[in-house]
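# Per-entry structural report
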Amino acid sequence: ITTMSTYLQWLPAGTTTRATRTTAGTVVSVVEGRGAIVIAQGKSAPVRFAIGPKDHLVVPPWASAHFEVQDAMVLFSYSDAPMQRALGVLREERL
């Protein structure tokens, strides 16, 4: 069973990604670029975090998150989605 997945993602300047949420645990590292991540959990107000090179963050499970890109960004991330998928417990939603 593959237990972890990794991604390297390029987001062009000016991009605002669509909000998503998942039950997977996700860790994101900013390789280059600047922008923000907006995270909302439950009925709490969304929180905007400015992020840049060498920043690391965890997106809480089932919290919605999207990126607002100022300078083109390269993101490295990993998650336990493959394990949750194999166990039949993974939930994902695009908002």
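One structure accompanies this document, and this report is about it. (Residues numbered from 1 in each chain as written. Predicted model: local features only at pLDDT ≥ 70, side-chain atom pairs only at ≥ 80, totals over all residues. Heavy atoms only, no water.)

## Structural notes on the nonpolar core
In terms of nonpolar packing, the biggest core is built from 14 residues, with Ile 37, Ile 51, Leu 57, Phe 67, Met 73 and Leu 75 touching the most fellow members. Residue assignment for this core shows that the elements contributing at least two residues are β3 (26–40), β5 (56–59) and β6 (64–79). Ranked by residues supplied to this core, first place goes to β6 with 5 residues. Among residues more than four places away in sequence, those in contact with Leu 57 are Thr 26, Val 27, Val 28, Ile 37 and Ile 51. (Core = buried A, V, L, I, M, F, W, Y, C linked by side-chain atoms within 4.5 Å. Buried < 20%, exposed > 50% of the residue type's maximum accessible area, 1.4 Å probe, protein only. Helix = DSSP H or I, 4+ residues; strand = E, 2+ residues; numbered from the N terminus. Contact = heavy atoms within 4.5 Å.)

## A look at the layout of surface pockets
Considered as a void within the structure, the largest pocket measures approximately 690 Å³ in volume. Forming the walls of the largest pocket are 27 residues, and the residues nearest its centre are Gln 9, Thr 20, Thr 22, Thr 26 and Arg 94. For the lining of the largest pocket, the element with the highest residue contribution is β6, accounting for 7 residues. Class assignment for the residues of the lining of the largest pocket results in 12 nonpolar, 9 polar and 6 charged. (1 Å grid on protein atoms, 1.4 Å probe; cavity = no way out; pocket = protein on both sides within 12 Å on 5 of 7 lines; lining within 4 Å. Points joined across faces, edges and corners; volume = space filled by probe spheres on them. Nonpolar A, V, L, I, M, F, W, Y, C, P; charged D, E, K, R; others polar.)

## With respect to the packing of aromatic side chains
Going through the model one piece at a time under the given rule, you end up with 1 aromatic pair. When the ring of Phe 76 is compared with that of Tyr 78, the centres are 6.4 Å apart and the planes differ by 45°; the resulting orientation is tilted. Against the face of Trp 62 rests Arg 91, its NZ or CZ located 4.2 Å from the ring centre. (Phe/Tyr/Trp six-rings, centres within 6.5 Å; stacked < 30°, edge-to-face > 60°. Lys NZ or Arg CZ within 6 Å of the ring centre and 35° of its normal.)

## Topic: the side chain of His 66
Within the secondary structure layout, His 66 lies in strand β6. For His 66, a relative accessible area of 17% gives the class buried. Side chain to side chain, His 66 and Glu 68 meet in a polar contact 3.3 Å long. Look past the residues within four positions of His 66 in its chain and what remains in contact with it is Thr 16, Thr 17, Arg 18, Ala 19, Ala 36, Ile 37 and Val 38. (Polar contact = N/O pair within 3.5 Å; in protein donor to acceptor, adjacent residues only side chain to side chain.)

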